[in-house]
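Topology and contacts: notes
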Amino acid sequence: MMSQPSLLVLYGSQTGTAQDTAQRIGRQAQRRRLQVNVLPLDHYNVASLISESLVVFVSSTAGQGDPPDNMKNFWKFVFRKSLPVGSLRNLDCAVLGLGDSSYPKFNFVAKKLQKRLLQLGANALLPVGLADDQHDLGADAVIDPWLDAFWEKVFSLYPSMAAVIPLREDEPLPPTYTFHFLDDVSEKTEDRLRIPTEQSVPSQSRPFPARLVSNCRVTDSSHFQDVRHIEFDISGSDIQFSAGDVVMMYPCNALEDVQQFCELLRLDPGAMFSLRATGSTAVPPRLPQPCSLRHLVEKHLDVAAVPRRSFFELLSTFATNEVEKEKLLEFSSAAGQDELHSYCNRPRRSALEVLADFPHTTAELKVDFLLDLFPEIQPRSFSIASSLLAHPQRLQILVAVVRYKTKMYKPRRGLCSSWFASLDPQAQGEVYVPLWVKKGSLKFPKEKDPPVIMVGPGTGLAPFRSAVQERIAEGKHDNVLFFGCRSESKDFFYRSEWEEKMEAGHLTLFTAFSRDQEEKVYVQQRVRENAELLWDLIANRSACFYIAGNAKDMPTSVCDALKEVFQQEGGLSSEEAEQMLLTMERTGRFQSETWS
């Protein structure tokens, strides 16, 4: 009879959802009294896979079918041609993908990974799990039954597990870390302003503290949306970027939220502690040791996010008040997911607001569990809106401040954009924002000849401002830009800049101001109206076509307009037009970067 297995759970996660699911599998294993290790794929020595016996892989798909950042090295390694075919023949594994079926490359990474593991000889215990955010009940509609099937399979492989009495669901598991409070250490003012002395290119683990030069509103004060043009000084950083790249940064929680959190949990924000891991998990690298509770809550714990189901699962284990416990257990159950959606997801209720709704349970919370209860704040990415060739030593972005109403009394705010809006170097003195740069998904032609056609309504304009600046500096003057916004007088970003470039003959600009006349006008109409020009540029001069902006309807509408151009001017059938667009996409001549 085989002994108890030890389980390894490896994840690739871009926004924290796959990490949350991996940790959930880890907790299920702990309740079954298994040895378990949960790690991001790039923190695992992938060469050790040949000696593992039981592994679950959990992965999301980023961008256009790309692996998440924290599994990129693993991905390169596992697709090496030199890996022997039967090298994973001792491995029993299962792959769970988290995706969104509204994207064309739905769960691409998980499907491709399962196929590759089978090529290398691994034994898949289950078909690949394809969780879908678009499902009425969210990803859990697939994850729950998939996990049930996984454990059934494990129990049949390891019959000895049947004799083990699992931990009850309402018994709290030990915390991942323990807090050790230090009486003799006082909170120092932040030393983050120190420019790192070691010369290395800034990265997620070593961001560069960039000075905020300016933060200006670029929409009219009467306009409903506050959009900011923000400029950073990156001199001395060694940061290089080109058009299409993105800048990454970690936002901070609002000071009022930090204060409310500390009051609810009766914590002293100035108290200093050091963290110790109870198992094999490393202490989060972004937390200084020692650390103040204020720093932990302001810069690390995602208390303003809409909590996931796992939050309610863990919270329920602390509840002693019967009414609260019953509600928390309902929210954690598979049957209660619709109820949870109505309570949390639809009104966008934050974890902090949930704690206020469950005062008895919040009073029972132990500080040691804070890092199990709250995920880490995830970095945010923004398209860079400037070129180093036009603005040396500077990096500029265009940010819409997210603010909207739900049935909640307080308006909902985007964490990062609201944090940006609160930064004011004029009033606050020097402000530094730790940041780093990574390659974006848009790539512009290196050659001088091909014209570039860009469609960027709203803040989708950002990467194209960078591209136009860069291309003009390199002597590339065939630039066509379609820009759309609500009103010429209220949210026409960088207007004088575009006018200057048009006068110099370096840019052709078409605008669509949707609310300046009775009939609404959008960028896709302008694309149709300029069919002759576009067909000439694409069919005769090999132009590249780019779309950036909100993923709702715009990209599809623009693609439809472009296919109409191919039919009307090129005399193609609708199938041929579709094929032409697919060929352009495959050869990099059609690219899009959209966000929801």
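These numbers were taken from a predicted model, which means no experiment stands behind them.

**Concerning the UniProt feature "domain: FAD-binding FR-type" (unreviewed entry) in the protein chain**
- Taken from the UniProt record, the annotation "domain: FAD-binding FR-type" (unreviewed entry) applies to residues 205-445.
- Helix makes up 31% of residues 205-445 and strand 21%, whereas the separation of the span's terminal C-alpha atoms amounts to 31 Å.

**Describing the sheet that holds strand β12 (residues 291-292)**
- Spatially, 3 strands are ordered β7-β11-β12 in an open sheet, and the strand pairing comes out antiparallel. The sheet terminates laterally at β7 (177-182) and β12, the two strands that pair on one side only.
- As paired strands, β7 and strand β11 (residues 272-277) are joined by 6 bridges and run antiparallel to one another. Opposite threonine 178, over in β11, you have arginine 276 as the bridge partner.

**Side note on the nonpolar core**
- Judged by nonpolar contacts, the single largest core of 39 residues is most densely connected at Phe261, Leu296, Leu301, Phe311, Phe312, Leu370 and Phe374.
- Val227, Leu442, Ala462 and Ile472 belong to the second-largest nonpolar core, a separate cluster that totals 27 residues.

**Structural notes on unusual backbone geometry**
- Following glutamine 289, the chain continues to proline 290 via a peptide bond in cis, the omega torsion being -10°.
- Looking at the secondary structure, you find proline 290 in the loop between β11 and β12.
- Although it is not a glycine, asparagine 107 adopts a positive phi angle of roughly 50°.
- Even without a glycine there, the phi angle at serine 542 is positive, about 55°.
- Structurally, serine 542 is set in the loop between α18 (531-540) and β21 (544-550).
- By relative accessible area, serine 542 is classed as partly exposed at 39%.

**Quick notes on the environment of histidine 506**
- Relative to the assigned elements, histidine 506 resides in the loop between α16 (495-503) and β20 (508-513).
- Residues histidine 506 and valine 185 lie 321 residues apart in sequence; the distance between their C-alpha atoms is 60 Å.
- The contact partners of histidine 506, leaving out residues within four places of it in the chain, are Ile472, His477, Asn479 and Lys501.
- A polar side-chain atom of histidine 506 sits 3.5 Å from a polar atom in the side chain of histidine 477.

**Notes on the sheet that holds strand β17 (residues 432-438)**
- The strand order β13-β10-β17-β8-β9-β14 describes an open sheet built from 6 strands, whose pairing is antiparallel. Of all the strands in the sheet, the pair left with one neighbour each is β13 (380-383) and β14 (394-400). Pairs of neighbouring strands in the sheet enclose a mean axial angle of 40°, with direction left out of account.
- As defined by bridge partners, strand β10 (residues 246-249) adjoins β13 across 4 bridges and the pair is classed as antiparallel. Within the sheet, the bridge partner assigned to valine 247 lies in β13 and is phenylalanine 382.

**Brief notes about the side chain of aspartate 245**
- Topologically, aspartate 245 is positioned in the loop between β9 (227-233) and β10.
- You can call aspartate 245 buried: its relative accessible area is 3%.
- Engagement of the side chain of aspartate 245 in a polar contact is seen with the backbone nitrogen of serine 242, the distance being 2.9 Å.
- Those residues in contact with aspartate 245 that sit more than four places away from it in its chain are Phe382, Ser383, Ile384, Val437, Lys438, Lys439 and Gly440.

**Regarding helix α4 (residues 140-157)**
- A rise of 1.5 Å per residue sets the reference length of α4, with its 18 residues, at 26 Å; its end C-alpha atoms lie 25 Å apart and thus fit the reference within 8%.
- If you check which residues of α4 are buried, you get Asp140, Ile143, Asp144, Trp146, Leu147, Phe150, Trp151 and Val154.

**Remarks on the packing of aromatic side chains**
- Throughout the structure, instances matching the rule amount to 27 aromatic pairs.
- Put simply, the rings of Phe261, Phe311, Phe312, Phe331, Tyr343, Phe358 and Phe374 pair up and form one aromatic cluster.
- Taking NZ or CZ as reference, lysine 105 lies 5.1 Å from the ring centre of phenylalanine 108, over its face.

**Some words on α18**
- Among the residues of α18, Ala531, Leu534, Trp535, Leu537 and Ile538 are the ones counted as buried. Along the axis of α18, the buried positions cluster into a sector of 165°, meaning they face one direction only. Facing away from the buried side of α18, by more than 90 degrees, are the exposed residues Glu532 and Asn540.
- In this structure, the buried residues of α18 make contact with β18 (452-455), β19 (479-485), α17 (523-529), β21, α19 (554-570) and α20 (574-586).
- Downstream of α18 by a residue or two, serine 542 has a phi angle that is positive, lying close to 55°.

Definitions and limits used
- Residues numbered from 1 in each chain as written.
- Predicted model: local features only at pLDDT ≥ 70, side-chain atom pairs only at ≥ 80, totals over all residues.
- Heavy atoms only, no water.
- UniProt positions renumbered as here; feature names shortened; annotations may be inferred.
- Helix = DSSP H or I, 4+ residues; strand = E, 2+ residues; numbered from the N terminus.
- Pairing = 2+ DSSP bridges.
- Core = buried A, V, L, I, M, F, W, Y, C linked by side-chain atoms within 4.5 Å.
- Buried < 20%, exposed > 50% of the residue type's maximum accessible area, 1.4 Å probe, protein only.
- Contact = heavy atoms within 4.5 Å.
- Polar contact = N/O pair within 3.5 Å; in protein donor to acceptor, adjacent residues only side chain to side chain.
- Axes fitted to C-alpha atoms, helices over the stretch in contact; angles between N-to-C directions.
- Expected span 1.5 Å × (residues − 1).
- Phe/Tyr/Trp six-rings, centres within 6.5 Å; stacked < 30°, edge-to-face > 60°.
- Lys NZ or Arg CZ within 6 Å of the ring centre and 35° of its normal.
- Arc of directions from axis to C-beta.

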